[in-house]
Amino acid sequence: MSKNKSKIDYKSLRKISPEAARSAVLDYLSSNKGNIADCARVFGVTRVTIYDIVRKSRQGDLKDRSKAPKISRYK
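The text that follows walks through the structure, step by step, so that each part is easy to find. (Residues numbered from 1 in each chain as written. Predicted model: local features only at pLDDT ≥ 70, side-chain atom pairs only at ≥ 80, totals over all residues. Heavy atoms only, no water.)

As for the environment of valine 45
Summarising the element assignment, valine 45 is placed in the loop between helix 3 (36–43) and helix 4 (47–59). For the pair valine 45 and leucine 13, spaced 32 residues apart in the sequence, the C-alpha separation amounts to 12 Å. Among residues more than four places away in sequence, those in contact with valine 45 are Tyr10, Ala40 and Ile50. (Helix = DSSP H or I, 4+ residues; strand = E, 2+ residues; numbered from the N terminus. Contact = heavy atoms within 4.5 Å.)

So, in structure tokens, the structure goes:
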């Protein structure tokens with residue numbers, strides 16, 4: 001079974017705007033009936049990344065979170 005689907009470079013799209021990249025993934029996901037594996041294949045990312053984007057959308061915030069630790073052990 002040969003499918004000729006074009007790939008979308010998620011990483012370069014994310015460099016421009018993380019929110020727009022996540023929104024594009026969610027739009028594609030809704031257009032292909034929620035097929036996580038196909039969406040991951042098209043965007044060139046892992047399924048875990050897609051699940052993280054879906055979780056962020058359910059929380060209502062597609063922005064990047066801080067990388068700083070919440071608790072500093074030796075502060």
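Topic: the pattern of salt bridges
This structure, assessed with the given rule, holds four salt bridges. One salt bridge in this structure joins arginine 14 and aspartate 64, with 3.2 Å as the shortest N-O distance. Taken together, the residues span a long stretch of sequence, with arginine 14 in helix 1 (residues 10–16) and aspartate 64 in the segment after helix 4 at a distance of 50 residues. Salt-bridge contacts for aspartate 38 lead to arginine 41; the nearest nitrogen and oxygen are separated by 3.8 Å. (Salt bridge = Lys/Arg side-chain N within 4 Å of Asp/Glu carboxyl O.)

Focus on the nonpolar core
If you look at the biggest cluster of nonpolar residues, it comprises 14 residues, and the most contacted ones within it are Tyr10, Val25, Leu29, Cys39, Phe43 and Ile50. Of all the secondary structure elements, the ones that give two or more residues to this core are helix 2 (18–31), helix 3 and helix 4. With five residues, helix 3 is the single largest residue contributor to this core. What cysteine 39 contacts, discounting residues up to four positions off in sequence, is Val25, Tyr28, Leu29, Asn32 and Ile50. (Core = buried A, V, L, I, M, F, W, Y, C linked by side-chain atoms within 4.5 Å. Buried < 20%, exposed > 50% of the residue type's maximum accessible area, 1.4 Å probe, protein only.)

Things to note about the environment of serine 30
Mapped onto the elements, serine 30 comes out in helix 2. Serine 30 gets classed as exposed once you look at its relative accessible area, which sits at 58%. Considered as a pair, serine 30 and alanine 20 are 10 residues apart in the sequence and their alpha carbons are 15 Å apart. Within the structure, the side chain of serine 30 is placed 2.8 Å from the backbone oxygen of aspartate 27, a separation counted as a polar contact. (Polar contact = N/O pair within 3.5 Å; in protein donor to acceptor, adjacent residues only side chain to side chain.)

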